[in-house]
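If you want the building blocks of each chain, they are given just below.
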Amino acid sequence: AYLDVRWAVVWLFWVAAATCALVAASRRREAPAVSAAGRLELAVVAAWSIGFAVLSLFLRGPAGDDAYYVHLSTWIGEHGRFPLRDVVHSDEVLPALYYPPINSFEALAGTIAHLSSIPAPDVVYFGVPFVFSGLTVLALWRLLRAWAVPFVGLALSVACAFLLFDAVGSRMFGAFSVGRMWHGKALFVTVLIPVLFALVHRFAAQPDKRAAALLVAGGIAGVGLTTSAMFVVPVVA
């Protein structure tokens, strides 16, 4: 019952925010010009980006999926090639659990581990979260600037605070956006989705071949991160 009441409050804020957005959009005749970022805004972006990156080195939220995905990256790091058959329950004897092998992010992590001689779990659990937790903030910042949101620094801080305290399931700060950033689906939601929305906004304002190519590349990258992108990307479009 407590959860139902809490979600009712959240829905109330969502509806109120959507209503305000519709009213503001109906009154706006011309898209506001995107002003140059000031020093304070840049400082806020840098603080959140560095903070998320550093925090990712101290948070871990392992999941059952790691038994497949991290294992796959480790296998590729040790063998230097992508397996087309099962390597979880056998050594390429049984058919692959997922075929054709659409998701390629785990292969990228394994390739980096193989080329750098760094153990794949270190690449997955430390390198990937450190880089992409910071990129989460930059992706949100780009989206807010594409939407010409006033007080970008404040809006970004509210969004980052939500991501940081969204810890209902595992009772951990940044449970999804930081603590499990090595998951392709987490990268898809927190990094690629904001970038896709920014690219869609740009294409709607000024359709050209470059913007279209970036949208196509973003859709392909999404499928490489998670198979769920096959259902989410068309909805975004």
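Residue numbers restart at each chain and count upward from 1, following the sequence in its written direction. Confidence filtering applies because this is a predicted model: local features only for residues at pLDDT of at least 70, side-chain atom pairs given and counted only at 80 or more, and all residues used for totals across whole chains, interfaces and linings. Excluding hydrogens and water, the side-chain figures rest on all heavy atoms present in the structure.

Chemist: How should I be thinking about the overall build of the chain in this particular structure?
Modeler: For helices the rule is a DSSP run of H or I covering at least 4 residues; for strands it is a run of E covering at least 2, with both sets numbered from the N terminus onward. Looking only at helices and strands, one finds nine helices and zero strands in the chain. Each helix and strand of the chain, placed in order from N terminus to C terminus, yields the pattern α-α-α-α-α-α-α-α-α. Judged by the C-alpha coordinates and their principal axes, the chain covers about 65 × 50 × 40 Å. Burial here depends on accessible area, computed with a 1.4 Å probe over protein chains only, as a share of the maximum for the residue type. Under 20% is buried, over 50% is exposed, and the range in between is partly exposed. Counting over 237 residues, the chain shows a buried share of 34%. The contact criterion used is simple: two residues touch if any of their non-hydrogen atoms lie within 4.5 Å. Summarising the internal contacts of the chain: among those between residues at least 6 apart in sequence, 64% fall at separations of at least 24. Carbon and sulfur atoms form 71% of the exposed surface of the chain, whose accessible area is close to 14200 Å². Think of it this way: Lys and Arg go in the positive column, Asp and Glu in the negative one, and His and the chain ends go nowhere. Charged side chains are reduced to one point each, which is NZ for Lys, CZ for Arg, CG for Asp and CD for Glu. Each charge sign in the chain was given a centre, from 16 positive and 13 negative side chains, and these centres are 13 Å apart. Here, Shrake-Rupley sampling with a 1.4 Å probe gives the accessible areas, and only protein chains in the shown set may cover a residue.

Chemist: When you look at the pattern of salt bridges in this model, what are you seeing that I'm missing?
Modeler: Pairs can form between side chains of opposite charge once their charged atoms are near each other. The working definition used for a salt bridge is a side-chain nitrogen of Lys or Arg within 4 Å of a carboxyl oxygen of Asp or Glu. One pass over the structure, following the stated rule, counts two salt bridges. Two residues, Arg-145 and Glu-41, come together in a salt bridge whose shortest N-O distance is 2.9 Å. Of this pair, Arg-145 sits in helix α5 (residues 120-146) while Glu-41 sits in helix α2 (residues 39-55); the two residues are 104 residues apart in sequence, bridging distant segments of the chain. Neither residue differs from the other here; Arg-145 and Glu-41 are each classed as buried. Between Glu-92 and Arg-81 there is a salt bridge; the shortest N-O distance is 2.7 Å. You can see Glu-92 sitting in the loop between α3 (66-79) and α4 (105-116) and its partner Arg-81 sitting in the loop between α3 and α4, a full eleven residues away along the chain.

Chemist: Honestly, a nonpolar patch on the surface in this entry has me stumped. Any pointers?
Modeler: Residues enter a patch when their relative accessible area is above 30% and they make no salt bridge; the linking distance is 9 Å between like charges and 5 Å between nonpolar side chains (Val, Leu, Ile, Met, Phe, Trp, Tyr). A surface patch of nonpolar side chains, about 800 Å² in accessible area, is lined by Ile-50, Val-54, Leu-57, Phe-58, Phe-126, Phe-130, Val-131, Leu-135 and Leu-138. Sorting elements by how many residues they give to the nonpolar patch places α5 first, with five residues. Examined against the element boundaries, Phe-126 turns out to sit in helix α5.

Chemist: Looking at this model, I keep getting lost on empty space enclosed by the protein. Mind explaining?
Modeler: Empty pockets left among the atoms are what a rolling probe the size of a water molecule brings to light. Cavities and pockets are defined on a 1 Å grid built over the protein atoms alone: a cavity is a set of grid points where a 1.4 Å probe fits but cannot escape, while a pocket is an open set with protein on both sides within 12 Å along at least five of seven lines, and lining residues are those with an atom within 4 Å of any such point. Grid points are joined across faces, edges and corners, and a volume is the space filled by probe spheres set on the points. All told, the structure shown has two cavities of 30 Å³ or more when counted by the stated rule. Quantified by volume, the largest cavity comes out at close to 120 Å³. Forming the boundary of the largest cavity are 13 residues, of which Tyr-68, Leu-72, Pro-83, Arg-85 and Ala-96 lie nearest the centre. Asp, Glu, Lys and Arg are counted as charged, while Ala, Val, Leu, Ile, Met, Phe, Trp, Tyr, Cys and Pro are counted as nonpolar; the rest, among them Gly, fall into the polar class. When the residues that make up the lining of the largest cavity are grouped by side-chain class, the tally is ten nonpolar, one polar and two charged. By volume, the second largest cavity is sized at about 50 Å³. Tallied by class, the residues present in the lining of the second largest cavity amount to seven nonpolar, one polar and one charged.

Chemist: I keep staring at helix α8 (residues 209-225) and nothing clicks. Help me out?
Modeler: Because an α-helix packs 3.6 residues into every turn, residues spaced three or four apart end up facing the same way. Its 17 residues place the ends of α8 24 Å apart at the C-alpha level, agreeing with the 24 Å of an ideal helix rising 1.5 Å per residue. If you check which residues of α8 are buried, you get Ala-211, Gly-218, Gly-219, Gly-222, Gly-224 and Leu-225. For a helix, the expected span equals 1.5 Å multiplied by the number of residues minus one.

Chemist: Which parts of the structure should I look at to understand the nonpolar core?
Modeler: Most often, soluble globular proteins keep nonpolar side chains buried together rather than apart. Here the nonpolar core consists of buried residues drawn from Ala, Val, Leu, Ile, Met, Phe, Trp, Tyr and Cys, with membership extended through side-chain atoms lying within 4.5 Å. Counting residues in each nonpolar core, the largest one holds 20 residues, and the members touching the most others are Val-128, Trp-182, Leu-187, Phe-188, Leu-196 and Leu-225. Elements supplying a minimum of two residues to this core: α4, α5, α7 (184-205) and α9 (229-236). Residues within four places of Leu-225 in sequence aside, it is in contact with Phe-105, Gly-184, Lys-185, Leu-187, Phe-188 and Leu-192. In terms of nonpolar packing, the next biggest core, distinct from the first, is built from 14 residues, Leu-59, Leu-140, Met-172 and Val-178 among them.

Chemist: Explain the environment of Trp-48 here, please?
Modeler: For Trp-48, the location among the structural elements is in helix α2. A relative accessible area of 23% places Trp-48 in the partly exposed class. Spatially, the C-alpha atoms of Trp-48 and Arg-85 are 42 Å apart, while their sequence positions differ by 37 residues. Once residues within four sequence positions are removed from consideration, Trp-48 is found in contact with Val-137, Ser-157, Cys-160 and Ala-161.

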